[in-house]
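In case you want the letters, here they are:
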Amino acid sequence: MPKDLPLNSLGLPKAPADTRVVVAMSGGVDSSVVAAMLKEEGYDVIGVTLQLYDHGAALAKKGACCAGQDIHDARRVAEAMNFPHYVLDYENTFREAVIEEFADAYLAGATPVPCIRCNERVKFKDLLETARDLDADCMATGHYIQRKIGAQGPELHSAADPMRDQSYFLFSTTPEQLAFLRFPLGHLPSKAETRKLAARFGLVVADKPDSQDICFVPNGNYASVIEKLRPGAADPGEIVDLSGKVLGHHKGVIHYTIGQRRGLGIGGLGDHPLYVVKLDPDTRRVIVGPKEALATRLLRVAEINWLGDAPFDSRPEWEVSVRIRSTRAPRPALVRPLSATTAEVELIEPEEGVSPGQACVFYETAGSRIFGGGWIVKA
């Protein structure tokens, strides 16, 4: 690759026309704008859309990504902007790498986040390798996150718009992947700017609503999906308090999540409402207690992907901010490495509703950089 040419907008020393970019296209407005933007700049764009699950059931389903209509929309954008578009059948890979683990984790009483596993195991692994096979110089996505060049190479940073930031779902991006990935929308101040670009390009998806659900979970009904994947999973059991006293009965542990208050059907203790504080799938028990029983201060985190400059276990302690849920702001914490991939995390202020299976993402305390993160295995 020539080194004497100025860097193009993707940070590569090549003319745009000589730079091949694979764009991961979901059929939504974000990735469509990325593809159109790069095509207009003169890049050699190839659009790729993944078929992740059975589209016979998906065609009539709205509000989720990667359904049949979304593939159709991605193809229409590619045709309008005059670049090639491919649909790859990753249904088996997606089932094995994402859906099966989701079902098992949910049955074990955890709160899985399948969108992270999809990015980690499918989009940024298999699709990225496909992009390399197509002789691409890089792969671009419509994610709202920023890639910046630091003293030691590419760094991951939160999106300029905190309302759209998707860093929680991308913490497992490795340094090697980050070197190949590009996120052209991360610097935009708002989603409104993306829609303005879509309108300017005349894209058919300019006014398409954002996806809301996990793509294989219709209407957010996790339990119905688990019942189909694991027949018999909705076996009834007891609702008990922290002392083990039976307060009522339920129709299946899979219908409950840590922190849930409504729908228990057992009332409260006087003026004190009860919350789900633990799920025990082995005994089929839902354990409930007062709100203060939800408070968690110490976490055990595993499968850590570290994006800091120094090795993760080179210090006894890291002072960072952590995010336990995508909808909550990062909060101060101390991360104490137990190995290169495991740690104890101490939250300075206790969090409520923390559950195994959730991600714990590490952030720079006084900045936008993401230092990676891991999966909560014990709270």
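Now for a look at the structure at hand.

Structural notes on the packing of helix α1 (residues 29–40) against helix α7 (residues 191–201)
Right, on to step 1. Direction vectors running N to C along α1 and α7 enclose 55 degrees, while the axes themselves pass 9 Å from each other. Between α1 and α7, the interaxial angle falls into the category oblique. The crossing of α1 and α7 is left-handed. Across the interface between the two elements, V29, D30, V33, A36, M37 and E40 of α1 pack against K191, T194, R195, L197, A198, R200 and F201 of α7.
Right, on to step 2. Looking at the contact of α1 with α7 residue by residue, the class counts come to seven nonpolar, one polar and five charged.

Section: α1
Right, on to step 1. If you check α1, its first and last C-alpha atoms are 16 Å apart, about what twelve residues at 1.5 Å a residue would give, namely 16 Å.
Right, on to step 2. Taken across its twelve residues, α1 has ten buried, putting it largely inside the fold.
Right, on to step 3. All of the buried residues along α1 are V29, D30, S31, S32, V33, V34, A35, A36, M37 and L38.
Right, on to step 4. Of the residues trailing α1, G42 is marked for its positive phi of about 100 degrees.

Examining the pattern of salt bridges
Right, on to step 1. Tallying each qualifying case throughout the model produces 31 salt bridges.
Right, on to step 2. The closest approach of N and O atoms between K14 and D137, which form a salt bridge, is 3.0 Å. Placement of the pair is K14 in the segment before β1 (20–24) and D137 in the loop between α5 (114–133) and β4 (138–140), with a sequence separation of 123 residues.
Right, on to step 3. Using a relative accessible area of 18% as the deciding quantity, one classes K14 as buried.
Right, on to step 4. E40 is paired through a salt bridge with R200; the nearest N and O atoms lie 3.1 Å apart. Taken together, the residues E40 in helix α1 and R200 in helix α7 connect sequence positions 160 residues apart.
Right, on to step 5. Among the residues examined, E40 registers a relative accessible area of 48% and is labelled partly exposed.
Right, on to step 6. Exposure remark for R200: the relative accessible area of 52% places this residue in the exposed category.

Conventions and cut-offs
- Residues numbered from 1 in each chain as written.
- Predicted model: local features only at pLDDT ≥ 70, side-chain atom pairs only at ≥ 80, totals over all residues.
- Heavy atoms only, no water.
- Axes fitted to C-alpha atoms, helices over the stretch in contact; angles between N-to-C directions.
- Helix = DSSP H or I, 4+ residues; strand = E, 2+ residues; numbered from the N terminus.
- Parallel < 35°, antiparallel > 145°, perpendicular 65-115°, else oblique.
- Left-handed = near helix turned anticlockwise from the far one by under 90°.
- Contact = heavy atoms within 4.5 Å.
- Nonpolar A, V, L, I, M, F, W, Y, C, P; charged D, E, K, R; others polar.
- Expected span 1.5 Å × (residues − 1).
- Buried < 20%, exposed > 50% of the residue type's maximum accessible area, 1.4 Å probe, protein only.
- Salt bridge = Lys/Arg side-chain N within 4 Å of Asp/Glu carboxyl O.

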